[in-house]
Amino acid sequence: MDNQSKWHPIMAAVEGPTGVWRMIDPMGLEYGRVEIRRVMNGTDVRYKAIWRGDVIGWSTTLRDACYRVHDAFLRAHGPGGGPAADWGELSGNQRRTV
């Protein structure tokens, strides 16, 4: 298996602050995030997947949550996905414009 086939969206996740993984594109810009949360009166852990400021799902693993956010990122670049300029604010960072 070559290195490219071993890549997973979790490789784009940068932790910080604690319990938050920011999904970073090749230009160093945040395109989504994953946040860890305790649920069921604190007995279970879930990962909240956030894209364009909206919760797009919950996962039982960090790996799956990162995949969900990355999939949304890729779909936004397909037919009808629109330019990067319409990305929502995630953390107050400046976004690039097209």
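The preceding data block contains the structure.
Residues numbered from 1 in each chain as written. Predicted model: local features only at pLDDT ≥ 70, side-chain atom pairs only at ≥ 80, totals over all residues. Heavy atoms only, no water.

A few words now on the overall build of the chain. In terms of helices and strands, the chain carries 2 helices and 5 strands. Tracing the chain from N to C terminus, the helices and strands come up as α-β-β-β-β-β-α. The burial tally for the chain puts 38% of its 98 residues in the buried class. Per element, the accessible surface of the chain, about 6200 Å² overall, is 52% carbon and sulfur. (Helix = DSSP H or I, 4+ residues; strand = E, 2+ residues; numbered from the N terminus. Buried < 20%, exposed > 50% of the residue type's maximum accessible area, 1.4 Å probe, protein only. Areas by Shrake-Rupley, 256 points an atom, 1.4 Å probe, with all protein chains shown as cover.)

Moving on, we come to the packing of aromatic side chains. Counted under the stated rule, the structure contains 3 aromatic pairs. Consider the rings of tryptophan 51 and phenylalanine 73, whose centres lie 6.3 Å apart with planes at 75°: the pair is edge-to-face. Of this pair, tryptophan 51 sits in strand 4 (residues 44–51) while phenylalanine 73 sits in helix 2 (residues 62–75), placing them 22 residues apart in sequence. An identical accessibility class is assigned to tryptophan 51 and phenylalanine 73; each is buried. Taken together through their ring pairs, the aromatic side chains of Tyr31, Trp51 and Phe73 make up a single cluster. (Phe/Tyr/Trp six-rings, centres within 6.5 Å; stacked < 30°, edge-to-face > 60°.)

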